[in-house]
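# Examination of the molecular architecture
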Amino acid sequence: MSSISVTYLFDPLCGWCYAAAPALKHLQGVDGIHVSLAPTGLFAGAGARPMDAEFAAYAWSNDQRIQQLTGQPFTQAYRDQILGAPSGRFDSGPATLALTAVAHTAPERELEALHALQHARYVDGRDTAEPAVLADVLNALGLVDAAALKLAPDAALRTLLAERVAYAQSTLRAVGARGVPQLVVTGQSGALRLLGGDALLGPREQLVALVRAAA
């Protein structure tokens, strides 16, 4: 039986993507299902912005709703040190580059690295827009090659980043979706089938059944 290919469209600073982390971990562990990550760059480049008081209040309100619905924790340390940081920025570019370094050096561990970065931000209150923080998290996972590459990115890494974001955005357009998270299954005919982010927030058994049905 051939493996079912699933593409996860996400952004590392998306709160709903953090909420989906347990479902993604479960899905990755199911025999016959292969999950690949496709960062959309939603909150990088032109999508990045200053972390001013108004945006911080909006983010915290949304995060509390996510916590109430899913149980994923957003701590006071995150509120104080990330949302409340003076001159802070909401910019997923550095974290996306770090994950691309993992994809280049240890692709089978990229989802693990994403979850570690999400935990560092939302639970430990560490700024994952800072290169030193990103490198420290990767080093703690034993991803030393990725950490070194993140701190000194070369042209090949930046090209890979651009290619991954372009692929993710073209996939979003192909399935008629906007925003993240999104889950896309490649059917036997090669057709792309959108499950949508809501599938990641329901029962695990239902998620697996939806993926298999879409294939």
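Scroll up for the structure.
The strand order across the open sheet built from four strands is β2-β1-β5-β6, with neighbouring strands paired in mixed fashion. On the outer flanks of this sheet lie β2 (33-39) and β6 (192-194), each paired with one strand and no other. Geometrically, the sheet is characterised by an average inter-axis angle of 30° between neighbouring strands, direction not taken into account. Relative to strand β5 (residues 182-186), strand β1 (residues 4-10) runs antiparallel, the two sharing five bridges. Along β5, the bridge assignment pairs Tyr8 with Leu183. The strands touched by helix α2 (residues 21-28) within the sheet are β1, β2 and β5, with β2 carrying the most contacts at an inclination of about 140°. Sitting on the sheet, helix α10 (residues 204-214) touches β1, β2, β5 and β6, and the angle it makes with β5 is about 40°.

Turning to the packing of aromatic side chains, a few remarks are in order. The final tally for this structure, using the stated rule, is ten aromatic pairs. Aromatic side chains Tyr8 and Phe10 sit 5.4 Å apart centroid to centroid with 5° between the ring planes, which places their arrangement in the stacked category. What makes Phe10 buried here is its relative accessible area of 0%. Their ring planes at 25° and their centres at 4.6 Å tell us that Tyr18 and Tyr122 sit as a pair that is stacked.

This part takes up the nonpolar core. In this structure, Val6, Tyr8, Leu27, Ile33 and Val211 are the most contacted members of the largest nonpolar core, which totals 55 residues. Those residues within four positions of Leu27 in sequence are excluded, and the remaining contacts are Val6, Ile33, Val35, Leu183, Leu207, Val208 and Val211. Counting 15 residues, the second largest nonpolar core, distinct from the first, contains Trp60, Ile82, Leu83 and Tyr122.

Now for unusual backbone geometry. Between Val180 and Pro181 the backbone carries a cis peptide bond, its omega angle lying at 5°. Note that Pro181 resides in the loop between α9 (155-175) and β5.

This part covers helix α3 (residues 53-70). Taking 1.5 Å per residue as the helical rise, α3 with its 18 residues ought to reach 26 Å, and the 25 Å between its terminal C-alpha atoms agrees with that figure. Among all positions of α3, only Phe55, Ala56, Ala59, Trp60, Asp63 and Ile66 are buried. Buried residues of α3, seen end-on, are gathered within an arc of 130° and therefore sit on one face of the element. Exposed positions of α3 whose direction lies more than 90 degrees from the buried face are Ala53, Glu54, Tyr58, Ser61, Gln68 and Leu69. Check the buried side of α3 and you find it contacts α1 (15-19), β3 (49-50), α4 (76-83) and β4 (89-90). Phi turns positive, to about 85°, at Gly71, one or two residues after α3.

Moving on, we get to the pattern of salt bridges. One pass over the full model with this rule turns up four salt bridges. Notably, a salt bridge pairs Arg49 with Asp52, separated by 3.0 Å at the nearest N-O pair. In this structure Arg49 comes out as partly exposed when scored by relative accessible area, which is 30%. Taking the relative accessible area as the measure of exposure, Asp52 reaches 33% and is therefore partly exposed. Its salt-bridge partner being Arg126, residue Asp136 comes within 2.7 Å of it at the nearest N-O pair. Remark: Arg126 occurs in the loop between α6 (110-122) and α7 (131-140) and Asp136 occurs in helix α7; sequence separation between them is ten residues. A relative accessible area of 39% places Asp136 in the partly exposed class. Overall, the relative accessible area of 29% leaves Arg126 in the partly exposed class.

Definitions and cut-offs
- Residues numbered from 1 in each chain as written.
- Predicted model: local features only at pLDDT ≥ 70, side-chain atom pairs only at ≥ 80, totals over all residues.
- Heavy atoms only, no water.
- Pairing = 2+ DSSP bridges.
- Helix = DSSP H or I, 4+ residues; strand = E, 2+ residues; numbered from the N terminus.
- Axes fitted to C-alpha atoms, helices over the stretch in contact; angles between N-to-C directions.
- Contact = heavy atoms within 4.5 Å.
- Phe/Tyr/Trp six-rings, centres within 6.5 Å; stacked < 30°, edge-to-face > 60°.
- Buried < 20%, exposed > 50% of the residue type's maximum accessible area, 1.4 Å probe, protein only.
- Core = buried A, V, L, I, M, F, W, Y, C linked by side-chain atoms within 4.5 Å.
- Expected span 1.5 Å × (residues − 1).
- Arc of directions from axis to C-beta.
- Salt bridge = Lys/Arg side-chain N within 4 Å of Asp/Glu carboxyl O.

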